[in-house]
Amino acid sequence: MLAAYTEQNELFILNSSMPLATLHLLRKSKKFYCPLCKQQLLFKIGSLKIPHFSHFSKSHCDDFFSERESETHLKGKEQLYNLFKALNLDAKLEAYITTIQQRPDILLKDDDNSMFAIEFQCSSISKESLIRRNTGYREENISPVWIPNTPTNITRSGIQKISLSKNVQQFTLCSKHLPYIMTYNPTVRQFFYISNLIFLQGNSFLSKVQTISVTHQQFPFYIPKPITPNEFKQFLLIYKQVKHNYVQKRVLLSRSGVNDIFLRRAYELRLNLLSLPYYIGIPLIGNEELQVFSVDWQLALFYFVYTTKIELRHMKGQTIYYFLRWAKLPETSRAKDVVSEYCRLLEELSVQHSYQSIHEKKLFDVLYNHFLAI
Ligand SMILES: [Zn+2]
């Protein structure tokens, strides 16, 4: 905790920029109390964490905090609070909202009197508690803003391959239909925006990472801009490379004696795996719904229409569900939509069979529009 009451019942906010001598003097001369249970608090000044308050023993109050207070959490909370203060906003640190028994890291009121609960999240949180907490805030007309701690593998800006846990993925925000995740790293005092996520496989994505220093942040928070054609070109180049490596690995594995249905299908379609047509294995929004690399299910689709003699332009509704079941892919409506969009794009590219060739430029235009149109 960083907020406490003095004996005079005044709110006191700890600030790690206070000189050590001042902190020690404060600890010696004053007593501090929990704003909630009114019990006296420990004033901790150490080398492991920034100065903070804590209860003498495990307290019921701790339940109202989003998580155990790690150094990262304390630091991030303090820095975000200082940001809002610098922006002259009405910010309350660790304010307890009695009606819903929730205590956001920062409760914010903007110039239009709209309320926001800012939560700097350093530990994982289940989908259920996230929904429960958000429901609580909305009941009080408070908009929750979750800012996860920047994952440790993300340290620079630019278009890159990243790994994102399911926990961080659930903090995806949507603005003008452009999904992105706004994270904060208190060690370098920077926001890391993770946008334009393109699913690869597992927890791997391609993404554009942008950084903004806490001193340059604004409120409402900065929103990332759509990617430019040049940036998208970079995306596709990396994607092509990842796809190539992925297929190469499968071919190598099969030589060591693994029976791979993917390779068998390619063989029957007379496709050279190391120079697949551009349109087999293309990135699509929502590909994560299918849980496998694009080249896997897209090749399966071509094999499916080849064996069933169904024309690609007839791949709609129930037929797609039939395909999903046949290919052992998730039979969800969102997975169906992704397959349906793929078939639509193929139609736009006038692709009917797996042995056609298309211009890379045409594919680029179609995909760029697909990623911008969301
Ligand atoms: Zn307490």
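Residues numbered from 1 in each chain as written. Predicted model: local features only at pLDDT ≥ 70, side-chain atom pairs only at ≥ 80, totals over all residues.

It is worth spelling out the overall build of the chain at this point. When you go through the chain residue by residue, the secondary structure sums to ten helices and 14 strands. Counting only C-alpha atoms, the chain reaches 85 × 40 × 35 Å along its principal axes. When burial is assessed residue by residue, the chain has 32% of its 374 residues classed as buried. In the chain, the proportion of contacts linking residues at least 24 apart, taken out of those at least 6 apart, comes to 57%. (Helix = DSSP H or I, 4+ residues; strand = E, 2+ residues; numbered from the N terminus. Buried ≥ 20, exposed ≤ 12 C-beta atoms within 10 Å, placed from the backbone. Contact = placed C-beta atoms within 7 Å.)

With an omega of -5 degrees, the peptide bond running from F219 to P220 counts as cis. Within the secondary structure layout, P220 lies in the loop between β14 (204–213) and α5 (229–255). Here the phi dihedral of E94 falls at roughly 50 degrees; this positive angle occurs in a residue that is not glycine. With respect to the helices and strands, the residue E94 is situated in the loop between β6 (90–93) and β7 (106–109). With a phi close to 50 degrees, N196 is a non-glycine residue in the positive phi region. Following the sequence through the fold, N196 ends up in strand β13 (residues 190–201). Of the residues examined, N196 has 24 C-beta atoms within 10 Å and is grouped as buried.

Here we come to the environment of S59. Assignment of secondary structure puts S59 in the loop between β5 (52–55) and α2 (71–86). S59 sits in the partly exposed class, given 15 other C-beta atoms within 10 Å. Counting along the chain gives 25 residues from S59 to C34, while the straight-line C-alpha distance between them is 10 Å.

On domain assignment, one finds that the chain holds domain 1 (1–64), domain 2 (68–226) and domain 3 (231–372). Taken together, the nine residues of domain 2 in the interface contact twelve residues of domain 3. Looking at the side of domain 2 that touches domain 3, the elements that each hand over two or more residues are β10 (158–163), β13 and β14. Looking at the side of domain 2 that touches domain 3 element by element, the count peaks at four residues for β13. A per-class count over the side of domain 2 that touches domain 3 returns six nonpolar, one polar and two charged. (Domains from an automatic or database assignment. Nonpolar A, V, L, I, M, F, W, Y, C, P; charged D, E, K, R; others polar.)

A few words now on the pairing of strand β8 (residues 115–121). Extensive coverage of β8 is indicated by the burial of six of its seven residues. For β7 and β8, the ladder comprises four bridges, and the chain directions are antiparallel. Note that in β8 the partner of K109 across the bridge is M115. Hairpin connection of β7 to β8: five residues between the antiparallel strands, including N113 at a positive phi of 65 degrees. The sheet contact formed by β8 and strand β9 (residues 142–148) spans seven bridges and is parallel. (Pairing = 2+ DSSP bridges.)

The biggest cluster of nonpolar side chains holds 81 residues, and the ones touching the most others in it are I106, I118, I194, L301 and V339. In terms of residue count, helix α7 (residues 294–308) provides more of this core than any other element does, nine residues in total. Apart from the residues within four sequence positions on either side, V339 is in contact with L301, I320 and F323. (Core = buried A, V, L, I, M, F, W, Y, C linked by C-beta atoms within 7 Å.)

On to the environment of K75. Following the sequence through the fold, K75 ends up in helix α2. For K75, a count of 20 C-beta atoms within 10 Å corresponds to the buried category. Along the backbone, K75 and R189 are 114 residues apart, and their C-alpha atoms lie at a distance of 9.5 Å. Among all residues touching K75, those that are not within four sequence positions of it are I50 and P186.

One can describe the packing of helix α8 (residues 317–326) onto helix α9 (residues 333–348) by two numbers: an axis separation of 10 Å at closest approach and a directional angle of 105 degrees. The angle between α8 and α9 places the two elements in the roughly perpendicular class. Where α8 abuts α9, its residues I320, Y321, F323 and L324 lie against A335, K336, V339 and S340. The residue inventory of the contact of α8 with α9, partitioned by class, reads six nonpolar, one polar and one charged. (Axes fitted to C-alpha atoms, helices over the stretch in contact; angles between N-to-C directions. Parallel < 35°, antiparallel > 145°, perpendicular 65-115°, else oblique.)

This part is about the environment of G281. Inspection of the secondary structure assignment puts G281 in the loop between α6 (261–268) and α7. By C-beta crowding, G281 is classed as buried, having 21 other C-beta atoms within 10 Å. Separated by 17 residues in the primary sequence, G281 and Q298 place their C-alpha atoms 6.1 Å from one another.

Reading across the sheet, the five strands line up as β10-β14-β13-β12-β11 and stay open at both edges, with antiparallel pairing between neighbours. The outermost strands of the open sheet, each flanked by one partner alone, are β10 and β11 (173–175). Going across the sheet, the axis of each strand differs from the next one's by a mean of 40 degrees, ignoring polarity. For β11 and strand β12 (residues 178–185), the ladder comprises three bridges, and the chain directions are antiparallel. Looking at the pairing, L173 lines up with Y180 of β12. Along the sheet, α5 contacts β10, β13 and β14; its crossing angle with β10, the most-contacted strand, is approximately 40 degrees.

Take α7 next. Compared with the 21 Å implied by 1.5 Å per residue over 15 residues, the 21 Å span of α7 between its first and last C-alpha is a close match. The buried fraction of α7 amounts to twelve of the 15 residues, a majority that puts the element mostly inside the structure. Of all the residues in α7, the buried ones are S294, V295, D296, W297, Q298, L299, A300, L301, F302, Y303, F304 and V305. Against the buried residues of α7 lie α5, α6, α8 and α9. Downstream of α7 by one or two residues, K309 has phi in the positive range, about 60 degrees. (Expected span 1.5 Å × (residues − 1).)

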